[in-house]
Amino acid sequence: MTEKEEKPTLAELTTVESPGRPSPASMLESGEEGKKNKTRKIRKKKFEKSENIKISAPEKDSILIITEKPQAAQKIASALGKPEKNTILGVSYYEVSLNGKKIIIASAVGHLFNLTYKEGQKGWPIFELEWKPSYLKGRAAFTKRYFDLLKKLTRKASEIILATDFDIEGEVIGWNILRFICQRDNAKRMKFSTLTANELKRAYDSPLSQLEWGNAYAGETRHYVDWLYGVNLSRALMSSLKKNGSFKILSIGRVQGPALKIIIDRERDIKSFKPVPYWQVFANIKRNSKETTILELKHPKDIFDESILEIFKSIREGIAETIKSEELISPPHPFDLTTLQREAYRLYKINPSETLSIAQKLYLDSLISYPRTSSQKIPFSIEPKKILKALEKKFPEAKLALREKPVEGKKSDPAHPSIHPTGEIVELSERDEKIYSLIARRFIAVFSPDARTANKKIVLNAVNKEGNFITYKVSEKNLNDGKILKEEEDEHENIKQAQDNNGQLEKSSKGKTQKEVPITFVAFGLTFIEKGWTSFYPIKIDEQEIPDLIGRVKIDKIRIEEKETMPPSRFTPASLVSILERKNLGTKTTRSMIVDTLFDRGYLDGRSIQATPLGITLIESLEKYSPIIIDENLTRQLEEEMENIQLAKSDFQKRESEVIEKTKRLISDISKEFKAKEIEIGKELMKGIEHQRNEQIQNNTLNPCPACKEGKLRILYSKKSKRYFIGCSNYPKCTQTFSLPPNALIKKAETQCPADSFPKLLAIRKGKRPWEFCFNPQCPVEKEKREKRENQIENNEN
């Protein structure tokens, strides 16, 4: 690949169109225009009728392919031939010759246009929107170079092919470039799911004849609806504070609100939960009096009536039966985005947003397929056998993948297959390697044999001296009274349970009739006959061997264990993304971003997600004064209407207009309801803000100041330096400070330094483990660490 720096000529930069003939730049270069003391003789000519001078347009001599990101442009260029790399104003594009045609490949850098309100509108609600270039906003000023490059290249393009990501966002990005920069109504469309050379070549040779209009209009509709909701309602919240003489950046959105309410509802369940005592009963068996216990069996029902326990205490023998069987455990289905995010969190505690970011990077490096997919299918068009063969270099277990048809899930996606490796292998960083290996092993697993297990179940029926079965009466009410089960999806919902799930409380039908229940005890054993896919995929299935028991046996001891029902677990980032998917709130791409936004706005805190006082107050005030804002049914209905646009075959503009007009009506109704109670809402929000501020001060307060002995040290944040530091609460009287690690979120740890009794802190950086340290620079432990680091650096330099 050759690189050529292409600079605009001086003529292009200085020629200005104005009435009359423009001054050529050559005059500036030679200095003729600026010579002093030189007289010019002006000749008068008779007026003559001039001929019409035609200025020819640039010759349209190339095919222009437009990608979403620079990496994709480079990959496509390399796939189509031997590209020549050119650069204008720091932005690269590629030129390839193929079959006598000149092909230019250039990229955007994500969205080059953003929705904003038309000028002249103030306050809220605001309804009139338009697309404006992103570079008009300061933080996106860099996008102007890409904008200008595409505008220039378009002039010479006889044909345009869009090659942005094949989803609703990619279609909106491409459509905006096409209509606002290229000034064209339609274009051919490359469709691909990996950035491998073969697939990109096929996508170029067989493009779609036009844009995927369902994606384009559905995407644009989503932008309009989310803007109308998000900006107007966020302005409403801040306006309510302003009316009460306060200010704070707050936000609420079409999906943010219902998502936050789901978390608040879980928080309420936890706080209102009242534990209920229950008992689990176990029977210990020995072969003879000299042996230790060879087997412990468990009564399968949890006992909520303590009086029944007396019946169990008298049990001394039973009749045992051993039931043997074999079971096949199938591999889990291929990854769609949500299951990948869940699995990455289960195994490595990598948050969903980081998992998506890593997966996107792997996609751009041609290592995996497009990650934003709902599919759990593997089409044969991707040539899975070739991929498996290529993976053998790094994953020897790929040789086990002999299954002709892969195990697949129920979900499909018309745009992309499930997430899968491409077979290309490179060295990766630690966290990237974790996600890549997980995707590769999952892909190998779906083509690998089932695991085969030998299962053993022992059932022991308690009997009295006469050999009759012992029973007890129990009310057929909800035995699980007081317990709220988790709402998380099983991480391996398609894997058959091969082990006893000890501790799971039974839920029976409600009722008050008494029922005789036989007293039985059970034990489960499992050994692998063939490990199949479980030999390499990271899932734990414990083997346990138990002896056979048949006939009448003595029970050595009845063991009773008292427990209490547990409140529901708090959501993790991964389980919250799963809940949003199950409730059809948000999209596969936006769900993890919504969770991040709730954290960024100060509504949530902690790895095990907990609502903050501000988050709780926000939902409580909206429930009281404007519940429609957090109505998940309304959000879901809008989501379904936008999905219908995506699936439609015609009337796209009409469908889009209907959804947008409906949204405007909803916002108008909300604004009337909200403004009537604006001051009351603001007052309640201010209480939440104050409560949260006090809580943060308390959480960030450390030990007494060693300098002044009066104030207390606190973790503070400097907006100027954009980093945390420690200062004294007695400032400005006391100016004691301690520096802290940059580029990290600093929180108080729950431990003290054993060397100096200073409280330890946590430095939290994205993608890295939290680092616990003592902030006292005189701490002997920290001094020793610093000396070791300095010595190591010195040795490396020598």
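Cut-offs and rules
- Residues numbered from 1 in each chain as written.
- Predicted model: local features only at pLDDT ≥ 70, side-chain atom pairs only at ≥ 80, totals over all residues.
- Heavy atoms only, no water.
- Axes fitted to C-alpha atoms, helices over the stretch in contact; angles between N-to-C directions.
- Helix = DSSP H or I, 4+ residues; strand = E, 2+ residues; numbered from the N terminus.
- Parallel < 35°, antiparallel > 145°, perpendicular 65-115°, else oblique.
- Contact = heavy atoms within 4.5 Å.
- Nonpolar A, V, L, I, M, F, W, Y, C, P; charged D, E, K, R; others polar.
- Expected span 1.5 Å × (residues − 1).
- Buried < 20%, exposed > 50% of the residue type's maximum accessible area, 1.4 Å probe, protein only.
- pLDDT = per-residue confidence, 0-100.
- Salt bridge = Lys/Arg side-chain N within 4 Å of Asp/Glu carboxyl O.
- Lys, Arg positive; Asp, Glu negative; His and termini not counted.
- Pairing = 2+ DSSP bridges.

J.: What is the right way to read the packing of helix 5 (residues 168–181) against helix 7 (residues 213–242) from this model?
T.: Axis angle and axis distance: for two packed helices, these are the angle between their axes and the distance between the axes, and together they describe the pair. Remark: helix 5 packs on helix 7, axes separated minimally by 8 Å, with the N-to-C direction vectors making an angle of 95 degrees. The angle between helix 5 and helix 7 falls in the class roughly perpendicular. Contacts between helix 5 and helix 7 involve I168, E169, E171, V172, W175 and R179 from the first element and W213, N215, A216, Y217, A218, G219, E220, R222 and H223 from the second. For the contact of helix 5 with helix 7, the residue count by class is 7 nonpolar, 3 polar and 5 charged.

J.: Please clarify how helix 5 should be interpreted in this entry.
T.: A turn of α-helix holds 3.6 residues, and therefore any two residues three or four places apart point the same way. For helix 5, built from 14 residues, the straight-helix expectation of 20 Å at 1.5 Å per residue is met to within 8% by its first-to-last C-alpha distance of 19 Å. With respect to burial, helix 5 is a largely interior element, 11 of its 14 residues being buried. Burial in helix 5 covers these residues: I168, G170, E171, V172, I173, G174, W175, N176, I177, L178 and I181. Two residues or fewer past helix 5, Q183 is found with a positive phi of approximately 60 degrees.

J.: What should I look at first to understand the confidence of the model for the protein in this one?
T.: Note that predicted coordinates carrying low pLDDT should not be read in detail. Per-residue confidence for the protein averages 86 on the pLDDT scale, and 86% of its residues sit at or above 70. For residues 2–51, every residue scores under 50 in pLDDT, and the model assigns this stretch 28 contacts once sequence neighbours within four places are set aside.

J.: How should I be thinking about the pattern of salt bridges in this particular structure?
T.: Two side chains with opposite charge may pair up if their charged atoms get near one another. Inspection of every chain in the model, using the stated rule, returns 49 salt bridges. Between D226 and R254 there is a salt bridge, with the nearest N and O atoms lying 2.7 Å from each other. Residue D226 is found in helix 7, and its partner R254 is found in the loop between helix 7 and helix 8 (256–272); the two are separated by 28 residues along the sequence. Owing to a relative accessible area of 32%, D226 belongs among the partly exposed residues under this scheme.

J.: I tried to follow the side chain of R372 on my own but got confused; where do I start?
T.: Along the chain, the position of R372 falls in the loop between helix 11 (352–364) and helix 12 (384–391). The side chain of R372 is buried and forms no salt bridge, while D165, the nearest opposite charge, is found at 4.6 Å. Other than its neighbours up to four places away in sequence, R372 contacts D167, L337, L356, Q360, D413, K588 and T589.

J.: So what exactly am I meant to see when it comes to the sheet that holds strand 23 (residues 737–739) here?
T.: Within a sheet, neighbouring strands are paired by backbone hydrogen bonds and run either parallel or antiparallel to one another. Strands sit in the order 20-21-22-23 across an open sheet of 4 strands; the sheet is antiparallel. Each edge of the sheet is formed by a strand with only one pairing partner; in this case those strands are strand 20 (701–704) and strand 23. Across this sheet, the average inter-strand angle for adjacent strands is 30 degrees, counted without regard to direction. Packing against the sheet, helix 19 (residues 678–700) makes contact with strand 20 and strand 21 (712–718), and its axis sits at approximately 45 degrees to strand 20.

J.: Would you mind going over the sheet that holds strand 25 (residues 759–764) with me for this structure?
T.: If you walk across this open sheet you meet the 3 strands as 24-25-26, and the pairing is antiparallel. Looking along the sheet, the strands with just one partner apiece sit at the ends: strand 24 (745–752) and strand 26 (771–774). Across the sheet, the mean angle from the axis of one strand to that of its neighbour is 35 degrees, orientation sign disregarded. Here strand 24 pairs with strand 25 via 5 bridges, running antiparallel. Bridging across to strand 25, K747 finds its partner in L762.

J.: How should unusual backbone geometry be read in this particular structure?
T.: With glycine set apart, most residues show a phi of negative sign, and most peptide bonds adopt trans. Residue P125 is reached from W124 by a cis peptide bond, and omega for that bond is 0 degrees. Locating P125 in the fold gives a position in the loop between strand 6 (113–117) and strand 7 (129–133). Between Y731 and the following residue, P732, the backbone shows a cis peptide bond with an omega angle of 10 degrees. Its location among the elements puts P732 in the loop between strand 22 (723–728) and strand 23. The phi dihedral of K349 falls on the positive side, at around 55 degrees, and the residue is not glycine. You can see K349 is positioned in the loop between helix 10 (337–348) and helix 11.

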